[in-house]
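Structural features, examined
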Amino acid sequence: MTPEDLGASIPALDDGVYLNTGASGPCPEPVIEATTDYVRYHEADAPTGEGAYPAAFDTFEETRERVADFLGARPAEIALTSSTADGISRIAASVDWRPGDVVVRTDLEHSAGVLPWWNLERRGVETRVLETEGGRVDRDAYAAAVQDARLVCFNSITWNYGTRLPVADLVDVAHDAGALVLVDAVQSPGQTRVNVREWDADFAAGAGHKWLLGPWGAGFLHVREEAIDDLRPAMVGYRSVEEPDADEPTLKPGAARLEVGTTNPAPYVGLRAAMDLIESVGLDAIESHVAGLAERLADGLGDRYLGPADPESGLVAFEVDDPEATVERLAAEGIVVRSLPHPDAVRASLHVFNTESDVEALLDAL
């Protein structure tokens, strides 16, 4: 599939210029159809056929295998969640915290990587915030900050500046200090190739509704095999244990112990369809296309551009006098972007379905 074919398959693009995939990617028609067709099957055919629960369980396992293949992981290392925030929160609720434990996060985190640690403060866990500049992590400051940490949390691609952090290097430093590492990876899959085994992080959380162009409600969490046994989930249900009715239940041996109970399987069918579409375009082709558009936008913005000299992703932040008013004005003109809380700016997201004319439309409107 070509980028043009993909764009033609996205109904939302009929109504304007969409430059906000970093918040939520618009679904292509084949993904929408796969999702809605499965809803009808599960609710109308499965009850008197294979059964609603067996159908759902088959879907969960097929999706676990598909996600594992896409991320370079083993199926046993994948938990199915509803979102990135859900995945991060499940880890925060599953570590055996002790009063005085330290969590280190950067000042670049989305609220998904902020609020779970704030919530642990009532249990005596300290949150230490590593200050950054221009979307970059100072290696020496990072190494000092993680020395006594229990867990470290950072983005793979920063959601505000669009910078790519050196994940594997930061993981090595944290592991050498004895800390666990959780990567908020949601801005990576679908925009760039991801191999979690190369990262070697203990946990990586993502979701399908951004760059993968999947439906809302299908998230995923990678848990490194060596870290699974140390997780004791705060919430458990019949999907968390081997035998739900056993007198002495035992947690499942893999990341599935972090799953709880009944949830809608249809978004996971849509997620698989979305991964298939992304791979049919090709991740190398996507990266090349996105890089070209981001460079053109950054050049056109000039001094207003806030990212690295050579853009490192499709996330392009820039300064304007009034970000919220600018976003509203652009929306009225049919151009969808978003404002950022930090830095106080506007962010455009450029994916493979976007075109040079989309970039020119934004620059002209500014």
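Computed from a predicted model, the values in this text were never measured in an experiment. (Residues numbered from 1 in each chain as written. Predicted model: local features only at pLDDT ≥ 70, side-chain atom pairs only at ≥ 80, totals over all residues. Heavy atoms only, no water.)

Let's talk about the overall build of the chain
Formally: Counting from the N terminus, the helices are the DSSP runs of H or I reaching at least four residues and the strands are the DSSP runs of E reaching at least two. Two things to know: the radius of gyration comes from C-alpha atoms, and the globule rule equals 2.2 Å times the number of residues to the power 0.38. In this scheme, a residue with accessible area under 20% of its type's maximum is buried, one over 50% is exposed, and one in between is partly exposed, where area comes from a 1.4 Å probe on protein chains only. Only heavy atoms matter for contacts: two residues are in contact if any of them lie within 4.5 Å across the pair. Per-residue and other accessible areas were derived by the Shrake-Rupley procedure at a 1.4 Å probe size, with only the shown protein chains allowed to occlude residues. Note that His is not counted, nor are the chain ends; the positive residues are Lys and Arg, and the negative ones are Asp and Glu. Note on charges: their place is set at NZ of Lys, CZ of Arg, CG of Asp or CD of Glu.
Per the secondary structure count, the chain includes 13 helices and 12 strands. Relative to the compact-globule value of 21 Å for 366 residues, the chain shows a C-alpha radius of gyration of 21 Å, a close match. Along the first, second and third principal axes, the C-alpha set of the chain runs to 70 × 55 × 35 Å. For the chain, buried positions account for 54% of its 366 residues. Counted over contacts in the chain with a minimum sequence separation of 6, partners at least 24 positions apart contribute 70%. Of the roughly 15600 Å² that the chain leaves accessible, carbon and sulfur atoms contribute 48%. With 28 positive and 65 negative side-chain charges, the chain shows a spacing of 5 Å between the two charge centroids.

Regarding the pattern of salt bridges
Definition in use: Just to be clear on terms, a salt bridge is a Lys or Arg side-chain nitrogen sitting within 4 Å of an Asp or Glu carboxyl oxygen.
Counted by the stated rule, this structure contains 23 salt bridges. For E77, the salt bridge goes to R197, with nearest N and O atoms at 2.6 Å. One end of the pair, E77, is in the loop between α3 (52-71) and β2 (78-81); the other, R197, is in helix α8 (residues 196-199), with 120 residues separating them in the sequence. On the basis of relative accessible area, E77 is assigned to the buried category, the value being 0%. R239 is the salt-bridge partner of E259, the closest N and O atoms lying 2.8 Å from each other.

Structural notes on the sheet that holds strand β9 (residues 315-318)
What counts is decided by this rule: At least two DSSP bridges between two strands are needed for those strands to be called paired. Whenever a helix is involved, its axis is fitted only over the stretch in contact; in every case the axis is a line through C-alpha atoms, and angles between N-to-C directions fall within 0 to 180 degrees.
In spatial order, the strands read β9-β12-β11; together these three strands make up an open sheet with antiparallel pairing. The strands lining the two open edges of the sheet, one partner per strand, are β9 and β11 (338-340). Recorded for the sheet is a direction-independent mean angle of 35° between the axes of neighbouring strands.

Here's the deal with the side chain of H209
Here H209 is to be found in the loop between β7 (203-207) and β8 (219-223). Aside from chain neighbours lying at most four places away, what touches H209 is A23, S24, G25, G214, P215 and W216.

So, the nonpolar core
We apply this condition: Only buried residues count toward a nonpolar core, which is a set of Ala, Val, Leu, Ile, Met, Phe, Trp, Tyr and Cys residues joined through side-chain atoms within 4.5 Å.
One finds L71, Y142, V152, F154, V183 and W199 to be the most contacted residues of the largest nonpolar core, which totals 56 residues. Broken down by element, the residue count for this core peaks at eight residues, all from helix α10 (residues 266-281). When residues no more than four places from it in sequence are discounted, the contact partners of L71 are I78, P189, V194, N195, V196 and F220.

Comments concerning the pairing of β9
Side chains on a regular strand alternate between the two faces of the sheet. Of the two faces of β9, the one lined by L315 and A317 and the one lined by V316 and F318 are each fully buried. Here β9 runs beside strand β12 (residues 345-349); their pairing, made up of four bridges, is antiparallel. Across the sheet, F318 pairs through a bridge with V346, a residue of β12.

Overview of the sheet that holds strand β6 (residues 180-184)
Spatially, the seven strands line up as an open sheet ordered β2-β8-β7-β6-β5-β3-β4, and their pairing is mixed. Since the sheet does not close on itself, it has two edges, and those belong to β2 and β4 (126-130), each with one partner. Pairwise comparison of adjacent strand axes, ignoring direction, gives a mean angle of 20° for this sheet. With three bridges connecting them, β6 and β7 associate as parallel partners. Within the sheet, the bridge partner assigned to D184 lies in β7 and is A205. Here helix α4 (residues 84-92) sits on the sheet and contacts β2, β5 (151-155), β6, β7 and β8; the angle it forms with β7, its principal contact strand, is near 155°.

Concerning the environment of Q191
For clarity, the cut-off: Nitrogen and oxygen atoms within 3.5 Å of one another constitute a polar contact, given that in protein one can donate a hydrogen and the other can accept it, and given that sequence-neighbouring residues count only through two side-chain atoms.
Locating Q191 in the fold gives a position in the loop between β6 and α8. Along the primary structure Q191 and S94 are separated by 97 residues, whereas in three dimensions their C-alpha atoms are 29 Å apart. Beyond its immediate chain neighbours, meaning those up to four positions away, Q191 contacts I157, W211, I286, E287, V290, S313, G314 and L315. Only 2.8 Å separates the side chain of Q191 from the backbone oxygen of Q187, close enough to count as a polar contact. A polar atom in the side chain of Q191 sits 2.5 Å from the backbone nitrogen of G314.

Observations regarding the pairing of β4
Let me state the cut-off plainly: A clockwise path from the first strand over the helix to the second, with the strands pointing away from the viewer, defines a right-handed crossover.
Of the strand pairs in this sheet, strand β3 (residues 102-106) and β4 are connected by five bridges, and their pairing is parallel. From the neighbouring strand, V102 faces β4, where its bridge partner is E126. With helix α5 (residues 115-120) bridging β3 and the parallel β4, this β-α-β connection has right-handed handedness.

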